[in-house]
Amino acid sequence: MEKRKDSLRIIAQALSSYRAEEMFISFNGGKDCTVLLDLIHQANLKDAKQIKCIYVRPLNPFSEIEEFVDRCRQHYGITIATVDGGIKAALEQICRADPQLKACIMGSRRSDPYCERLASFQETDPGWPRLMRINPLLEWTCEDIWSYIREHNVPYCALYDRGYTSIGDRTNTIPNPRLKVEADSSGEVTYLPAYTLQDADKYERAGRL
């Protein structure tokens, strides 16, 4: 997969520009950063596995996400630190706690909000903690993400099997209406898995409130 090679090239470039201890992976338990974490830990790149991983936990997290983060700790045999709050406040806290940090590796894709013009290496905007944002998955589509997950047996959060396609927290996320299955005779409503969503780059955030 050419995009996988490009992503590994970006990660390798990051490791040539920064020491592993100067970078961290921004992790929220979602599908994109899970693929990012898997790529880094499967890559045969010197020091790649030494990059720290930080779970930025929202104010009202799903218990399924919390459980999945624990599963990732065990699956990859890594330490995942936890920082609470919104992304900006979390980054400020992270940088205060470890002033040597210079770069953040993220699972952003170009179809994500505000990422249309993002580059693979781009500094944070004015007013934010000064970090280089590194985006190895920028050119991946939602279909690419799910193809990688299913082909490589990458673990993922159980919410995706219940129709959630873009997961924030309990206050702003519902199952994607486009995956809704008509209620059966018992009146129960079910949803198809996230990886069955058609035109996913366009509709994956339809479950965000």
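This is a predicted model, so every value here is computed, not measured.

The rules behind these values
- Residues numbered from 1 in each chain as written.
- Predicted model: local features only at pLDDT ≥ 70, side-chain atom pairs only at ≥ 80, totals over all residues.
- Heavy atoms only, no water.
- UniProt positions renumbered as here; feature names shortened; annotations may be inferred.
- Helix = DSSP H or I, 4+ residues; strand = E, 2+ residues; numbered from the N terminus.
- Buried < 20%, exposed > 50% of the residue type's maximum accessible area, 1.4 Å probe, protein only.
- Contact = heavy atoms within 4.5 Å.
- Axes fitted to C-alpha atoms, helices over the stretch in contact; angles between N-to-C directions.
- Parallel < 35°, antiparallel > 145°, perpendicular 65-115°, else oblique.
- Left-handed = near helix turned anticlockwise from the far one by under 90°.
- Nonpolar A, V, L, I, M, F, W, Y, C, P; charged D, E, K, R; others polar.

Chemist: Which residues make up the UniProt feature "domain: Phosphoadenosine phosphosulphate reductase" (unreviewed entry) in the protein chain, and what values do they have?
Modeler: UniProt's feature table lists "domain: Phosphoadenosine phosphosulphate reductase" (unreviewed entry) at residues 23-174, given in the numbering used throughout. Across residues 23-174, helical content stands at 31% and strand content at 16%; the span's end C-alpha atoms are separated by 33 Å.

Chemist: Any chance you could break down the side chain of glutamate 64 for me, citing the residues and the numbers?
Modeler: Tracing the sequence through the fold places glutamate 64 in helix α3 (residues 63-76). Here glutamate 64 falls in the buried class, since its relative accessible area comes to 18%. If near-sequence neighbours (up to four positions away) are discounted, glutamate 64 is found in contact with Cys157, Leu159, Arg162 and Arg170.

Chemist: If you had to explain the packing of helix α2 (residues 31-42) against helix α5 (residues 142-151) to someone new, which residues and values would you point to?
Modeler: At a closest axis distance of 10 Å, the pairing of α2 and α5 adopts a crossing angle of 50°. With respect to α5, the element α2 is oriented oblique. The element α2 and its partner α5 pack so that their crossing is left-handed. Touching Lys31, Asp32, Val35, Asp38, Leu39 and Gln42 of α2 are Cys142, Ile145, Trp146, Tyr148 and Ile149, all from α5. Among the residues making up the contact of α2 with α5, the classes are represented as seven nonpolar, one polar and three charged.

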